[in-house]
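Read off the chains here:
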Amino acid sequence: MTTESHDGGSLTGIAIHPIKGCRRIELDSVTVTATGLEGDRQWQVVTDPPEDSALGEAVTQRRNAALATVAPEPIEGGLTVSAPGVGMIEVKRPDANDVTVLALIGEEVACADAGDEAAEFFSEVLGFPARLAALTPESSRPMRLFRGRPTGFADAAPVLVASTASLDDLVARASEPFGIERFRANLIVTNDQPWAEDTWTEFSIGPAQLATRVVWPRCAVPQIDQDTGERHREPALVLREHRWCYSAEGFSPGMRGMLEGNAMFGIACTIDPEGAVVSVGDPVIVTATGQPLLDPPR
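Cut-offs and rules
- Residues numbered from 1 in each chain as written.
- Predicted model: local features only at pLDDT ≥ 70, side-chain atom pairs only at ≥ 80, totals over all residues.
- Heavy atoms only, no water.
- Helix = DSSP H or I, 4+ residues; strand = E, 2+ residues; numbered from the N terminus.
- Rg over C-alpha atoms; globule rule 2.2 N^0.38 Å.
- Buried < 20%, exposed > 50% of the residue type's maximum accessible area, 1.4 Å probe, protein only.
- Contact = heavy atoms within 4.5 Å.
- Areas by Shrake-Rupley, 256 points an atom, 1.4 Å probe, with all protein chains shown as cover.
- Lys, Arg positive; Asp, Glu negative; His and termini not counted.
- Charge placed at Lys NZ, Arg CZ, Asp CG, Glu CD.
- Pairing = 2+ DSSP bridges.
- Axes fitted to C-alpha atoms, helices over the stretch in contact; angles between N-to-C directions.
- Phe/Tyr/Trp six-rings, centres within 6.5 Å; stacked < 30°, edge-to-face > 60°.
- Lys NZ or Arg CZ within 6 Å of the ring centre and 35° of its normal.
- 1 Å grid on protein atoms, 1.4 Å probe; cavity = no way out; pocket = protein on both sides within 12 Å on 5 of 7 lines; lining within 4 Å.
- Points joined across faces, edges and corners; volume = space filled by probe spheres on them.
- Nonpolar A, V, L, I, M, F, W, Y, C, P; charged D, E, K, R; others polar.
- Core = buried A, V, L, I, M, F, W, Y, C linked by side-chain atoms within 4.5 Å.
- Polar contact = N/O pair within 3.5 Å; in protein donor to acceptor, adjacent residues only side chain to side chain.

Visitor: Would you mind going over the overall build of the chain with me for this structure?
Guide: A tally of regular secondary structure across the chain gives 4 helices and 23 strands. Relative to the 2.2 N^0.38 estimate, which gives 19 Å for 298 residues, the radius of gyration of the chain is 19 Å and therefore close to what a compact globule would have. Once the C-alpha set of the chain is aligned to its principal axes, its extents read approximately 55 × 40 × 40 Å. The buried share among the 298 residues of the chain stands at 52%. Sequence-distant contacts, at least 24 apart, represent 70% of the contacts inside the chain between residues at least 6 apart. Looking at the chain as shown, the accessible area adds up to about 13200 Å², and 48% of this sits on carbon and sulfur atoms. Where the 24 positive side-chain charges of the chain centre and where its 43 negative ones centre are 6 Å apart.

Visitor: Teacher, can you tell me more about the sheet that holds strand S8 (residues 71-75) here?
Guide: Whether parallel or antiparallel, the strands of a sheet pair through hydrogen bonds between backbone atoms. Spatial ordering of the open sheet is given by S8-S9-S10, a layout of 3 strands whose pairing is antiparallel. The open sheet has two edge strands, S8 and strand S10 (87-92), and neither has a second partner. With direction set aside, neighbouring strand axes in the sheet form an average angle of 20°. Looking at chain direction, strand S9 (residues 78-83) and S10 are connected through 6 bridges and run antiparallel. Its bridge partner being in S10, alanine 83 is matched across the sheet by glycine 87. Here helix H1 (residues 116-126) sits on the sheet and contacts S9 and S10; the angle it forms with S10, its principal contact strand, is near 140°.

Visitor: What should I look at first to understand the packing of aromatic side chains in this one?
Guide: What characterises a pair of aromatic rings is the spacing of the ring centres plus the angle enclosed by the ring planes. Within this structure, the stated rule accounts for 5 aromatic pairs. Geometrically, the ring pair formed by tryptophan 195 and phenylalanine 265 is edge-to-face, given 5.8 Å between the ring centres and 90° between the ring planes. With tryptophan 195 in the loop between strand S17 (187-190) and strand S18 (200-205) and phenylalanine 265 in strand S21 (residues 262-272), this residue pair connects regions lying 70 residues apart in the sequence. Residue classification places tryptophan 195 among the buried positions, given a relative accessible area of 5%. Ring geometry for tryptophan 200 versus phenylalanine 203: centroids 5.1 Å apart, planes at 55°, classification tilted. Taking the relative accessible area as the measure of exposure, tryptophan 200 reaches 2% and is therefore buried. Sitting over the ring of tryptophan 244, arginine 240 keeps its end group 4.0 Å from the ring centre.

Visitor: Which parts of the structure should I look at to understand the layout of surface pockets?
Guide: It is the rolling of a water-molecule-sized probe over the atoms that shows where space remains empty. When its volume is computed, the largest pocket comes out at roughly 540 Å³. Taken together, 30 residues make up the lining of the largest pocket; nearest its centre are Glu38, Gly39, Asp40, Gln42 and Arg93. The biggest single contributor to the lining of the largest pocket is strand S4 (residues 29-33), with 3 residues. Per-class residue counts for the lining of the largest pocket are 15 nonpolar, 11 polar and 4 charged.

Visitor: Whenever I open this one, the sheet that holds S4 confuses me. Can you help?
Guide: Here 3 strands make up an open sheet; going across it, the order is S5-S4-S22 and the pairing antiparallel. Two strands lie at the open edges of the sheet, namely strand S5 (36-37) and strand S22 (277-279), each paired on one side alone. Summarising the sheet, S4 and S5 pair through 2 bridges and their orientation is antiparallel. Across the sheet, valine 32 pairs through a bridge with leucine 37, a residue of S5.

Visitor: Hey, could you run me through the nonpolar core in this one?
Guide: Within soluble globular proteins, side chains that are nonpolar generally end up buried alongside one another. In this structure, Leu187, Phe203, Ile205 and Leu210 are the most contacted members of the largest nonpolar core, which totals 54 residues. In terms of residue count, S21 provides more of this core than any other element does, 7 residues in total. Not counting the four nearest positions on each side in its chain, leucine 187 is found in contact with Leu11, Gly13, Ile14, Leu37, Leu160, Val161, Ala162, Ile205, Leu210, Ile271 and Val278. Cys22, Val45, Leu67 and Leu79 belong to the second largest nonpolar core, which has 21 residues in total.

Visitor: Is there a simple way to explain the pairing of S17 in this structure?
Guide: Pairing of strand S1 (residues 6-16) with S17, which is carried by 4 bridges, proceeds in the antiparallel orientation. Bridge pairing in S17 links serine 10 to threonine 190. Alignment of strand S16 (residues 159-163) against S17, held across 3 bridges, turns out to be parallel. Looking across to S17, one finds that valine 161 is bridged to leucine 187.

Visitor: Before we go on, may I ask you to explain helix H2 (residues 164-173) in this structure?
Guide: Note that an α-helix has 3.6 residues per turn; residues three or four places apart therefore point the same way. Residues Thr164, Ala165, Ser166, Leu167, Asp169 and Leu170 constitute the buried set of H2. Packed against the buried residues of H2 are S1, S16, S17, helix H3 (236-242) and S21. Its side-chain oxygen placed 3.2 Å from the backbone nitrogen of alanine 165, serine 163 serves as the N-cap of H2.

Next comes the structure, spelled out in structure tokens:
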């Protein structure tokens, strides 16, 4: 590992996703919390559990692209949620846990049901019985893959960082254009060197300190237009050709299972300290680097 500091560019975009799988909200600044960024992935759409089970399972864009058309907006005490053809509702954030849901990465999470009106809304959007759940101050979801760090309903990482330079390099090789919002990252950095972020192990963005845990494996979600819900061929084809992980030797068995046989884009990170505010325009300073999992595309 190299520890000489150098310029990593600047922060040019911030996005949170209040409801996992639903529309992003772009911000100029955001506060760091114990679980990542304030307001990010604190709600989760789940299946309506059968009568013989109390456990609803996570619903995501992987199989339900219509979630991309749902636009949440934080308000005092909760959210407004809207979708084309369905209308808008207000959802109050529950105060206490009363249900258990199965998050995407296999953990059971104690949280709160958001009520029947929200359930009716998402059932209409999706075309099958569904409900909305929320994390409360009583909820806890420590991630084994991230050394016990707490997260919201994100797949596994407190924050995901992506680079516009890497996106541009990927789009130049692809059969059709696509935007960086397809990758649903939280923090977008702009620098001059594509794929440099794959080597970053420690870096700062303004007052926040970040540590990279892994280059992030990609599923089918980046093929979905994040405004219309329409599915496309790219970036699946270009990722398969240029960013495919065949071997992740040196990682734990659990992590190897996530990495091998998947495409990579973006870096999954922890972020500290709680209470720090990062803003668009903040400098990115890289303080430690290491060997990347994948070589840059030729």
